[in-house]
Amino acid sequence: MLDLETAQKQVLEICERLTPQAYPLADALGCVLAEKQIAQFEVPHFDNTAMDGFALRAEDTKNPPTTLKIAGTILAGDKPTSLPSVNSSKMSNNLKSNSKIDKLKNGATENDSIKHATTNYAMKIMTGAPIPKGADAIIEVEKTKEDETGFVEIAEEVKEGNYIRRAGENISKGQVIISKGKILTPAMLGVLASQSIYEVSVFPKCRVGVVSTGSELMEGSKNLPAGKIFDSNRHILLSLIEKAGMEPVDLGIINDKESAILKAVEKASKFCNALITSGGVSMGDFDFVKKVLTQNKGSAIQVAIKPSKPLAFGRFDNMVIFGLPGNPVSALVSFELFARPGLRKMSGFKMLERPRFDAVAAADFKREPDGKTHFARVKWKWKNGTYKVKPVEMQGSHQLQGLAEANGLAIIEDGNGVTTGEAIKLICLD
Ligand code: AMP
Ligand code: MG
């Protein structure tokens, strides 16, 4: 019997990284980037305002309160424009107004300027719009008072650079925006799109076929003939694969027949990177998955864990096969401990296992020494800054209902178990 670590190492040895492929952004979430990505554009692309407000010259606000003539409005998406200079008295005629509001307000005349005894200008500006040439600060609209005649009053002195987002302050051209090996997150996809990159080279998601083996298995019938059961494992495994960010392929149920199993393996090897079977890897006379795998240079091992002691694995052409045990709880635990890390390795991930958390036992976990590490199905709660862990009632490896109530696995090392209040290791399955 192999210890868990040795068994995991053996399984990982047959799992090779897949060749990188170009994925459209829409499919790349959660994939591992195979090539670093370089910025083609600086971001922001141009100096722009972080606030709705007025673009002005900071210098003009030195002696507050200041009244400035509104020279127009700049919207996000407008072409860069210029803030008229102090002496440009024909400003209001020259400027092209951008909005209906401007058309009303730019009716302000030279007399208005005289009234306010100023010829300094500001331009109304909306968040994201380009800073007009000549302006060097933004005052947010909340701190201004606009009058009916096209002037704006600013109560305080504005600092140069206020609320200006400078071109390139976020990303500069030529910089590495995402390095190789990163797992693509929604924000990273946003960064790529901000660079007009819509296709990236990633380690592909494994395409994983799932087969349930067992002559007792049925599906979709209202009646259950004596001796038969409905297939659960395929549905567990297909969704575990999906949740792991891989691509599941449902390959149905097959009987405990050597030729049928071989045929399914051959078929899957034509279009899958991996095949996961359940059932048929134990000591029974009809456990043909084990036989087919060992006859094709695969291995059948016994691992010092409970549940899910037996495991078969191997390669068939370029496809990796994980032969998991048939009891539903065992199939899930085996998937978590062997198949999921293997698939993650193939898809380019560096961290293969789920993280293990330090938790506290909120009940007794009784067991006896048997040379195995036990994986108890548990319910965990985050309470007062720690994970509190309780076993679910049904701990049999065939008791799927107990598994469905659990949201984690607790690792109970060989020995006499863990008592309430003691430290315990937790694997969260949510
Ligand atoms: P095996 O590993 O083939 O010896 O199966 C062990 C136990 O798991 C038997 O009681 C099987 O009937 C049961 N089992 C096997 N495959 C499935 C499945 N796909 N869904 C539900 N139970 C299964
Ligand atoms: Mg069976």
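As the structure is a computational prediction, the values presented were derived from the model and not from experiment. (Residues numbered from 1 in each chain as written. Chains lettered and ligands numbered in written order. Predicted model: local features only at pLDDT ≥ 70, side-chain atom pairs only at ≥ 80, totals over all residues. Heavy atoms only, no water.)

*Asks:* So what exactly am I meant to see when it comes to the packing of helix α8 (residues 258-269) against helix α9 (residues 288-295) here?
*Replies:* Running from amino to carboxyl end, α8 crosses α9 at an angle of 60°, the nearest separation of the two axes being 9 Å. When the axis of α8 is compared with that of α9, the two are oblique. Considering the relative orientation of α8 and α9, their crossing is right-handed. For the pair α8 and α9, contact is made by Glu258, Ile261 and Leu262 and by Phe288, Val289, Lys291, Val292 and Gln295, respectively. Looking at side-chain class alone, the contact of α8 with α9 contains five nonpolar, one polar and two charged residues. (Axes fitted to C-alpha atoms, helices over the stretch in contact; angles between N-to-C directions. Helix = DSSP H or I, 4+ residues; strand = E, 2+ residues; numbered from the N terminus. Parallel < 35°, antiparallel > 145°, perpendicular 65-115°, else oblique. Left-handed = near helix turned anticlockwise from the far one by under 90°. Contact = heavy atoms within 4.5 Å. Nonpolar A, V, L, I, M, F, W, Y, C, P; charged D, E, K, R; others polar.)

*Asks:* Sorry if this is basic, but what is going on with the nonpolar core here?
*Replies:* For soluble globular proteins, the rule of thumb is that nonpolar side chains tend to be buried together. In this structure, Ile276, Phe322, Phe335, Phe338 and Leu343 are the most contacted members of the largest nonpolar core, which totals 47 residues. Where this core is concerned, the elements lending two or more residues are α1 (4-13), β14 (207-213), α7 (233-243), β18 (274-278), β21 (310-316), β22 (319-324), α10 (328-346) and β27 (408-412). By residue number, the principal contributor to this core is α10, which donates nine residues. Excluding its chain neighbours within four sequence positions, the residues that come into contact with phenylalanine 335 are Leu237, Leu240, Ile241, Ile276, Leu324, Arg340, Pro341 and Leu343. Ranked by size, the runner-up nonpolar core spans 19 residues in total, among them Leu251, Ala264, Val265 and Ala268. (Core = buried A, V, L, I, M, F, W, Y, C linked by side-chain atoms within 4.5 Å. Buried < 20%, exposed > 50% of the residue type's maximum accessible area, 1.4 Å probe, protein only.)

*Asks:* I'm lost on the sheet that holds strand β10 (residues 151-154) in this one. Help?
*Replies:* The sheet built from six strands is open, its strands ordered β8-β5-β7-β6-β10-β9 with mixed pairing. With partners counted over all chains shown, the strands left at the sheet margins are β8 (137-140) and β9 (144-146), one partner each. Put simply, the sheet's adjacent strands are angled 35° from each other on average, direction ignored. In this sheet, β10 lies alongside strand β6 (residues 66-74) in antiparallel orientation, the contact comprising four bridges. In the sheet register, threonine 67 faces β10, and the bridge partner there is glutamate 153. (Pairing = 2+ DSSP bridges.)

*Asks:* Is there a simple way to explain the packing of aromatic side chains in this structure?
*Replies:* How two aromatic rings sit relative to each other is set out by the distance from centre to centre and by the angle between their planes. In total, this model carries four aromatic pairs according to the counting rule given. Both rings, one in phenylalanine 286 and one in phenylalanine 288, keep their centres 6.1 Å apart while their planes meet at 85°; by these two values the pair is edge-to-face. The exposure class of phenylalanine 286 is exposed, given its relative accessible area of 54%. Ring centres of phenylalanine 357 and tyrosine 387 lie 5.0 Å apart, and the angle between their planes is 45°; this geometry places the pair in the tilted category. You can see phenylalanine 357 sitting in strand β23 (residues 356-361) and its partner tyrosine 387 sitting in strand β26 (residues 386-391), a full 30 residues away along the chain. Residue class for phenylalanine 357 comes out partly exposed when judged on its relative accessible area of 26%. Positioned above the aromatic ring of phenylalanine 203 is the side chain of arginine 17, whose terminal nitrogen or guanidinium carbon lies 4.6 Å from the ring centre. The ring of phenylalanine 349 carries arginine 344 above its face, with NZ or CZ at 4.0 Å from the centroid. (Phe/Tyr/Trp six-rings, centres within 6.5 Å; stacked < 30°, edge-to-face > 60°. Lys NZ or Arg CZ within 6 Å of the ring centre and 35° of its normal.)

*Asks:* Sorry if this is basic, but what is going on with the environment of tryptophan 380 here?
*Replies:* Inspection of the secondary structure puts tryptophan 380 in strand β25 (residues 373-383). Taking the C-alpha atoms as reference points, tryptophan 380 and alanine 359, separated by 21 residues in sequence, lie 8.8 Å from one another.

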